[in-house]
Amino acid sequence: MIVVFLGTRPEIIKMSPVLRELRKKRVSFQLVHSGQHYSKELDKVFFRQLELPKPDIQLHAGSGSHAEQTGAIMIGFEKVCKRLDPDLVLVHGDTNTTLAGALTAKKLCIPVAHVEAGLRSFDDSMPEEINRKVVDRISDYLYTPTQGGKTNLLHEGVKPTSIVVTGNTVIDAVKQNIALADKLKMVLPKGEYIFLTAHRPSNVDLPQRLRSLVNLADKLASILHATIIWPVHPRTQVMLKRSRIVLSPRFKVLESIGYLETLRYLEHARLVLTDSGGIQEEAYSLRRPILTLRENTERPETLTANKLIGLDLRLAKEGVQFFEGGEARWTHALGKGDAGVRIVADLRARLRGLK
Ligand code: UD1
């Protein structure tokens, strides 16, 4: 029996194709949720819209500093692992849930498989980069989305036989759900809009950085005569209030938005402005122009239609010119939508080998 361990919005979305395939192939699994994300807009809405099974076990670890959160998840998950004694623990991505899940399982000598392995921003100031490197280092089976990911892992000394290039499950999820999103019959705002998301601590936790980010989005919208659709992450919401930042009327703030709504907004955006890894991938697969509010990306395959601008207005303007010049290209480098199938096929073969 496999334990699938997740706990945050991106893990729920990107593991959904794997969960579907596990069910289809009747692989026995238990779904365990760390409770890192608990608000309806970061959690339940995705389970409902993606028609996922409810978690079998909830740990309710909640928020806290990195050590508090990671520690709380490990303490809860260790008890679950001891009780269930799974053949394998499957984790995804680079969150504190991923790190805590992989470390706990590995210390109990339970094999660990990591979906979305091999991504590197080469920026250790990002908490996710630390999580990725540690989890990849101790995982037994590494499912990496791209050849670039495989190269990163080989450079770090991972055995070639442990690595499988699968494509990114985010592409499966977009393909499986875009038709559902179209059925929502959402009324999109008239005229063109920029779709903005921001939640990275480096962008939102310091008031002056958050103010620069808001000013950049506002100026860009003014240049493009566009509005800004901004579903605000809870972390950013807290900081906006605390920093007393007042938004111009160009901003249309959405307090809560589901996955299908996000796809629909992305699909029709003039421009996507984001610091999220998942949104970079989703926007790329929907062939939208992306300006990323970071200096680096662990998704270099998107750079044919994704400009890294940090919080620099000059770079943002250059980015707009690049897209208006028709130079952008969207490829299938992130995958073709069969990552879930490939991952489960490999897992089944490995599980047979474990028995
Ligand atoms: C986490 C992940 C990040 C991922 C992001 C997606 C880590 C280190 N970071 O960041 O990689 O891209 O999820 O959202 O694991 N909060 C709520 N409700 C919730 C959860 C959080 O209001 O359900 C608020 C709390 O104020 C909390 C803050 O958001 O302190 C940050 O939550 P946390 O889970 O620590 O990190 P994220 O910023 O969501």
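Since the model is a prediction, treat every value here as computed from it, not as a measurement. (Residues numbered from 1 in each chain as written. Predicted model: local features only at pLDDT ≥ 70, side-chain atom pairs only at ≥ 80, totals over all residues. Heavy atoms only, no water.)

### Concerning the overall build of the protein
Note the threshold: Numbering of helices and strands starts at the N terminus; helices are DSSP runs of H or I of at least 4 residues and strands are runs of E of at least 2. The quantity called the radius of gyration is restricted to C-alpha atoms. Its globule counterpart is 2.2 Å times the number of residues to the power 0.38. When a residue's accessible area, from a 1.4 Å probe over protein chains only, is under 20% of the maximum for its type it is buried; when over 50% it is exposed; and in between it is partly exposed. In this analysis, two residues are considered to be in contact whenever any of their non-hydrogen atoms come within 4.5 Å of each other. Accessible surface is estimated by sampling points in the Shrake-Rupley manner with a 1.4 Å probe; for residues, cover comes only from the protein chains shown. For this count, His and the chain ends are skipped, Lys and Arg are scored as positive, and Asp and Glu as negative. Where a charge lies is defined by one atom per residue type: Lys uses NZ, Arg uses CZ, Asp uses CG and Glu uses CD.
Secondary structure summary: the protein contains 14 helices and 13 strands in total. Relative to its length of 355 residues, the protein is compact, with a C-alpha radius of gyration of 20 Å against a globular reference of 20 Å. With the C-alpha coordinates of the protein rotated into their principal frame, the extents come out at 60 × 40 × 40 Å. When the 355 residues of the protein are sorted by exposure, 57% land in the buried category. Relative to all contacts within the protein whose residues are 6 or more apart in sequence, the contacts with residues 24 or more apart total 68%. As displayed, the protein offers around 15,500 Å² of accessible surface, 53% of which is attributable to carbon and sulfur atoms. The protein carries 52 positive and 39 negative side-chain charges, and their two centres are separated by 3 Å.

### Quick notes on the site of the ligand
Filter applied, for reference: In this text, near means that some heavy atom of the residue lies within 4 Å of the molecule or strand in question. Under this definition, polar contacts are N or O atom pairs within 3.5 Å; protein pairs additionally need one hydrogen-donor-capable and one acceptor-capable atom, and for neighbouring residues in sequence, both atoms have to be side-chain atoms. Each residue is assigned to one class: nonpolar for Ala, Val, Leu, Ile, Met, Phe, Trp, Tyr, Cys and Pro, charged for Asp, Glu, Lys and Arg, and polar for all the others, Gly among them.
The ligand sits among 18 residues. The nearest are His 37, Tyr 38, Ser 39, Asn 96 and Glu 128. Gln 36 places a side-chain nitrogen or oxygen 2.8 Å from an oxygen atom of the ligand. Ser 39 is positioned with one of its side-chain polar atoms (N or O) 2.6 Å from a nitrogen atom of the ligand. Among the secondary structure elements, those contributing two or more residues to the shell around the ligand are α1 (9–24), α3 (66–84) and α10 (234–242). Taken together, the residues of the shell around the ligand break down into 4 nonpolar, 10 polar and 4 charged.

### What to know about helix α13 (residues 313–324)
Because each turn of an α-helix spans 3.6 residues, side chains separated by three or four positions in sequence point in the same direction. Condition: Here the expected length of a helix is defined as 1.5 Å per residue gap, with one fewer gap than residues.
With 12 residues, α13 ought to run about 16 Å at 1.5 Å a step, and its terminal C-alpha atoms sit 16 Å apart, in line with that. On the buried face of α13, the contacting elements are α9 (207–224), β11 (271–274), β12 (290–292) and β13 (306–308). Looking at where α13 begins, the residue whose side-chain oxygen comes 2.9 Å from the main-chain nitrogen of Arg 314 is Asp 312. A positive phi of about 75 degrees marks Gly 326, the residue just after α13.

### Re the sheet that holds strand β7 (residues 163–165)
Spelled out, the test is: Here a strand pair is declared whenever DSSP counts at least two bridges between the two strands.
Strand order in the open sheet formed by 7 strands is β3-β2-β1-β4-β5-β6-β7, and the pairing between neighbours is parallel. Only two strands of the sheet have a single neighbouring strand rather than two, namely β3 (57–58) and β7. Judged from the 3 bridges that link them, strand β5 (residues 112–115) and strand β6 (residues 141–144) form a sheet pairing that is parallel. Its bridge partner being in β6, Val 115 is matched across the sheet by Tyr 143.

### A closer look at the pairing of β5
The cut-off we apply is this: Note on handedness: a crossover is taken as right-handed if, strands pointing away from the viewer, the path from the first strand over the helix to the second is clockwise.
Side chains of β5 alternate between two faces, with Val 112 and His 114 and Ala 113 and Val 115 buried alike. Examined bridge by bridge, strand β4 (residues 88–92) and β5 share 4 bridges and lie parallel to one another. Bridging from a neighbouring strand, Leu 90 pairs with Ala 113 of β5. At this point the chain moves from β4, through helix α4 (residues 96–107), to the parallel β5, and the crossover so formed is right-handed.

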